[in-house]
Amino acid sequence: MAVLKNYCILFIAIIFLFEGCASSNRVTQKSTSFQKETAYTIIFVIHADSDYLFHQNGRAYQADKEALGKATDVAINAHNGEVFIFHQKPKKKTLWLFPKKSRQFLHYKNGALVERSHYSSEDGGFEAEAIIYKANKNSKSDRNIFVYLGHEIPSYEGRSYHQSQPKHAFNSFVFANSLKEFEPNFDLTILSTCNNGNLQTAHELLGITEVLLASPQNLHLSYLDFESLSLLENEIKPTTLALADSIGESSFNRLSNSLQTAVTVSVYDMNRLQPMLESTFPIYQKYLQTISKPVPFADNLDCANLKSLQGLIDSAGVHTYFRPAMFGRKSNQTTHSGWGCKE
Amino acid sequence: MKKLTFSFLVIALIAFLSPLKAQSSKAQEIIKKNINEMVTDVERTSNPIEKRKVLNKTFDKFITTIERVEKMESVSADDKAGLNDFKASFVEKKNELNGLNGFAKVPDNQLNNYANFVQQNFEQADRIVTVSLTTVLLIVLILLLL
C-alpha cells in the first residue's frame, strides 16, 4: 500500500514537473483593456529567410530584426488596435533531422502582448500565417492594414525566395492570393520591398486593397517608417490615402536624408487606377515576353522611359516621393512616374 | 596539383560554411563586409588622395576577382552573364570616381558620400550578385586570398 502511495506521489510529481516544463506561449493575464473593441487591425509579415545584412555608419544590421523592432513599437502603441506580427525566420532542424517551429508569431491587442508562439510553414505563401490570424482574431475592426517587409516579391516563379525552403515558390500572384486568405480585402497594403511599385503587383492587388504603398525602384533595407500608423489612435482618423501619404512622406524624409542612392516611394489609389491598370497591364505583359530573360532582383526602370508604354502610363492616382541618386548615370533624373518596369 | 589544391579549398570552404542552405547568404555577407571595410577606411582618412586610393584598390580587387572566376571553364554561361553584370557595376563606379567614360570626376569633398553610395547601391539590391552558389563561393575564396 505504501509502495502504491509512493507511486501515486511520484506520478503526480512527474505531471507537475512536465506541466512546469511545458512552455505556455499564451500570455494568460487578462485585463479589462483586452475587452475593448479594436478600431483597426495591422498584420506585419517580416521575411527573414534570406540575406538581410546591411551596414550604416560602419555598423552591421539585420533588416528583419530592425523591422521586428519597428513592428513591435507600432503594436505597443496601438491602444485601440490589434496587431499581428509574423517573423518568417529560416526553417531549422534539430540534429539535421527533426523540423523545428522556427517562425515567430506575436499578437498584441490594445497595446498588450496576448500571445507569443512559434510555428512552421510548408508553402511559399502565407497559409500558415492566415490560419493563425483567423484563429486568434476575435474582434471586428474598421480598418485592415497589411504590411510586408522583405526582398522584392518576384513577378516570376519565385523559387529560392525562401532560402531554407527553395522549392516553395513565392511571387506576386502567390502574394495576392495569400492576402485573400487573411481578409477578403484590405484598406491599405504596404510593401516595404524593392521594385514592387510596378504594374504587375498593382494589377494582382486590384480588388484586394484600396490603397497600395510601395517603392517602384530599389528600397534600402532600413525599410519604410511606421510611426504614422499612430494617427489611427487620433479621435479624428485620417483617410486611408492620407495615412498612406503620411507614412510615405516620413519614410521618404528619413531615407533621403540618410542615403546617397535614389529614394522613390509611391502611394497608389487603386480604385482610381483600375481602368489604367486594366488597359495597360496586357501591353506590359506582352512587352515582358519580349525580354529574353529578365534579370532577377535588378533595379526597375521608370516605366515612363519605356518605349512600348509611352503615352499609356498615367500617374493620376499615384502620389510619388522621389529624389534622384546623388551619383551615377541617373543622378540627373528629376521626375518619376511612380511606376517601375523590368528591362 | 594546383587544381587539386584549389578544389580542396573550395570543398573546405563549402564545409566551413555549412549548413548548405545558408552558404549563399554567408558568401554575400563576406562580400558586403569587404565593401563595408572600404567605407570605414575611406571615412577614417582625411586625405582625399588616400580616400581615392582605398576606393580604386577595392574596385580593382573586385574586378580582378571576377575576371579570374569568369575565366574558369567550370563556370556556366548564365553565371558568366551574372559575373559580367557584377563586374560592370564596379567598372562603372571606378569610372565615375575617376571621371572617365562620360562621368564628371567625384569631387574630393564628396568621397565619403561616394563610398556610402557604392555601399548602399550594392546592399539595397536584393542580391549583390546573381550567380550560382559555387560561383559566389569562388568569388569569396579569391577575394579572401587577394
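Whatever comes next refers back to the structure up there.
A closer look at the pairing of strand β9 (residues 143-149) of chain A
Residues and elements named next belong to chain A. Of all seven residues making up β9, seven are buried, and the element is well covered by its neighbours. Going residue by residue along β9, you find Arg143, Ile145, Val147 and Leu149 tucked away on one face and Asn144, Phe146 and Tyr148 tucked away on the opposite face as well. Inspection of the sheet shows strand β1 (residues 40-47) paired to β9 by seven bridges, in the parallel sense. Bridge pairing in β9 links Ile42 to Ile145. With five bridges connecting them, β9 and strand β10 (residues 186-192) associate as parallel partners.

Remarks on a positive patch on the surface
Residues and elements named next belong to chain A. A surface patch of positive charge is lined by Lys65, Lys89, Lys92 and Lys100. Among the secondary structure elements, Lys100 is positioned in the loop between β6 (98-99) and β7 (103-109). Among the residues examined, Lys100 registers a relative accessible area of 41% and is labelled partly exposed.

So, the packing of helix α3 (residues 48-71) of chain B against helix α6 (residues 133-145) of chain B
Residues and elements named next belong to chain B. Packing of α3 against α6 leaves a shortest axis separation of 9 Å and a crossing angle of 130°. Here α3 is positioned oblique relative to α6, judged by the angle of their axes. Note on packing geometry: the crossing formed by α3 with α6 is right-handed. Residues Lys61, Phe62, Thr65, Arg68 and Val69 of α3 touch α6, and the partners they reach there are Thr135, Leu138, Ile139, Ile142 and Leu143. A class-by-class count of the residues in the contact of α3 with α6 yields six nonpolar, two polar and two charged.

Parameters at a glance
- Think of each chain on its own: its residues are numbered from 1, step by step along the sequence as written.
- Naming scheme: in the order in which they are written, chains are lettered from A and ligands are numbered from 1.
- Local features in a predicted model are, by the rule used here, given only for residues with pLDDT of at least 70; side-chain atom pairs are given and counted only at 80 or more, and totals for whole chains, interfaces and linings are based on all residues.
- Hydrogen atoms and water are omitted, and side-chain values are computed over all heavy atoms in the structure.
- Exposed residues in this analysis have more than 50% of their type's maximum accessible area, buried residues have under 20%, and partly exposed residues fall in between, with area computed by a 1.4 Å probe over protein chains only.
- Numbering of helices and strands runs from the N terminus, with a helix taken as a DSSP run of H or I at least four residues long and a strand as a DSSP run of E at least two residues long.
- The rule for pairing is simple: two strands pair if DSSP sees at least two bridges between them.
- Within the patch definition used here, like charges are joined within 9 Å and nonpolar side chains (Val, Leu, Ile, Met, Phe, Trp, Tyr) within 5 Å, considering only residues with over 30% relative accessible area and no salt bridge.
- Exposure was quantified through the Shrake-Rupley algorithm and a 1.4 Å probe, taking into account, for residues, occlusion by the shown protein chains and nothing else.
- Put simply, a salt bridge is a Lys or Arg side-chain nitrogen that is within 4 Å of an Asp or Glu carboxyl oxygen.
- Only four residue types enter the tally: Lys and Arg on the positive side, Asp and Glu on the negative side; His and the chain ends are excluded.
- To locate a charge, the coordinates of NZ of Lys, CZ of Arg, CG of Asp or CD of Glu are taken.
- A fitted line through C-alpha atoms represents every axis, and for helices the fit uses only the stretch in contact; the resulting angles, taken between N-to-C directions, go from 0 to 180 degrees.
- Roughly parallel refers to an angle under 35 degrees, roughly antiparallel to one over 145, roughly perpendicular to one between 65 and 115, and oblique to any angle outside these ranges.
- Crossings are sorted by hand: turned counterclockwise from the far helix by less than a right angle, the near helix makes the crossing left-handed, and turned clockwise it makes it right-handed.
- Residue contacts are defined here by distance: any two heavy atoms, one from each residue, within 4.5 Å place the two residues in contact.
- Residues are grouped as follows: nonpolar covers Ala, Val, Leu, Ile, Met, Phe, Trp, Tyr, Cys and Pro; charged covers Asp, Glu, Lys and Arg; every other residue, Gly included, is treated as polar.

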